[in-house]
Amino acid sequence: MVAGNVETSQCITDALYGALGVLAASQGTMNNFTFGNERYQYYETVAGGSGAGPGFDGADAVQTHMTNSRLTDPEVLEWRFPVLLESFEIRDGSGGAGRWRGGHGAVRRIRFLEAMTAAILSGRRLVRPHGLAGGGPGMPGRNYVLRAGGKRDELGPFDQTDMAAGDVFVIETPGGGGYGPAA
């Protein structure tokens, strides 16, 4: 059960750290992204913001808690698969406010060069990562597709869609919660 391990364990860890007053919520998801067709299959997890704690800001665009995966290098991704990594950047403003700021999430944009099916399994799209000790929550994530013809299709947290050549899949990962009241 994929979601039972990668998604539920993230939420449990955030709940435990919050209950103990140790750390604000991190992105709370692994942003599991898959795509493929008859010839190609690919899977990755996408980093987000970590929660702040007493005396430190959260980290930007990192894998949190039990996640230890690393993304494929862009050059290798584009060499092995008919996709173009348009951007992978820090999602400024997505970390929760507080005396110590929550880490910012990331924005990952992948353009498809041939038809494939893409799927996303991601949490914290509806519920924001909580702050702690008066800190603000992090921003929730978003998933959407920018179609080659100019249309934008919003996707849910657990969704699948057909991608055509020229379509761009965009993943905006959640930021971490802040710690302590903002000054």
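In what follows, the structure referred to is the one given above.
Note on numbering: residues in each chain are counted from 1, in written sequence order. Residues qualify for local features only when their pLDDT is at least 70, as the model is predicted, and side-chain atom pairs are given and counted only at 80 or more; totals for whole chains, interfaces and linings, by contrast, use all residues. In computing side-chain properties, one takes all heavy atoms of the structure into account and sets aside hydrogens as well as water.

Chemist: Before we go on, may I ask you to explain the overall build of the chain in this structure?
Modeler: On a plain count of helices and strands, the chain comes out with three helices and nine strands. Walking the chain from its N terminus toward its C terminus, one meets helices and strands in the order α-α-β-β-α-β-β-β-β-β-β-β. Here the C-alpha radius of gyration of the chain, 17 Å, is about what a compact globule of 183 residues would show, namely 16 Å. Across its three principal directions, the C-alpha atoms of the chain cover 50 × 35 × 30 Å. Note on exposure labels: buried denotes an accessible area under 20% of the residue type's maximum, exposed denotes more than 50%, and partly exposed covers the range between, all computed with a 1.4 Å probe on protein chains only. Counting over 183 residues, the chain shows a buried share of 52%. Considering only contacts in the chain between residues 6 or more positions apart, those separated by 24 or more positions represent 71%. As displayed, the chain has an accessible area near 8,500 Å², and 56% of this comes from carbon and sulfur atoms. Under the counting rule used here, the positive set is Lys and Arg, the negative set is Asp and Glu, and His together with the chain ends is not counted. Lysine's charge is taken at NZ, arginine's at CZ, aspartate's at CG and glutamate's at CD. If you average the places of the 16 positive and of the 19 negative side-chain charges in the chain, the two averages end up 4 Å apart. Secondary structure elements follow DSSP: runs of H or I of four or more residues count as helices, runs of E of two or more count as strands, with numbering from the N terminus. Radius of gyration: C-alpha atoms only; globule rule: 2.2 Å multiplied by the number of residues to the exponent 0.38. Here, residues are in contact when the closest pair of their heavy atoms is within 4.5 Å. For every accessible area listed, the method is Shrake-Rupley and the probe measures 1.4 Å; residues are considered covered only by the protein chains on display.

Chemist: How do you make sense of the sheet that holds strand β7 (residues 152-155) when you look at a structure like this?
Modeler: Strands pair in a sheet through their backbones, by hydrogen bonds, and they do so in one of two ways: parallel or antiparallel. Spatially, the five strands line up as an open sheet ordered β3-β4-β9-β6-β7, and their pairing is antiparallel. Sheet topology places β3 (83-91) and β7 at the edges, where each strand pairs with a single neighbour. The sheet shows a mean angle of 15 degrees between the axes of neighbouring strands, taken without regard to direction. Strand pairing is assigned whenever DSSP identifies at least 2 bridges connecting the two strands. Bridge analysis of strand β4 (residues 105-112) against strand β9 (residues 168-172) gives five bridges, and the strand direction is antiparallel. Looking at the pairing, R111 lines up with V168 of β9. Here an angle of 0 to 180 degrees is reported between the N-to-C directions of two axes, which are lines fitted to C-alpha atoms, with helices fitted over the stretch in contact.

Chemist: I'm lost on the pattern of salt bridges in this one. Help?
Modeler: A side chain with one charge may pair with a side chain of the opposite charge, provided their charged atoms come close. For this document, the term salt bridge refers to a Lys or Arg side-chain nitrogen within 4 Å of an Asp or Glu carboxyl oxygen. Overall, the coordinates contain eleven salt bridges when judged by the stated rule. The network of salt bridges with common partners includes R147, K151, D153 and D167.

Chemist: So what exactly am I meant to see when it comes to the nonpolar core here?
Modeler: In globular proteins that are soluble, nonpolar side chains generally tend to be buried together. Counting residues in each nonpolar core, the largest one holds 19 residues, and the members touching the most others are F33, F35, F81, V83, F112, A118 and F169. For this core, the secondary structure elements donating two or more residues are β1 (32-36), β3, β4, β5 (116-121) and β9. For this core, the leading source of residues is β5, giving three residues. The definition of a nonpolar core used throughout is a set of buried Ala, Val, Leu, Ile, Met, Phe, Trp, Tyr and Cys residues joined through side-chain atoms within 4.5 Å.

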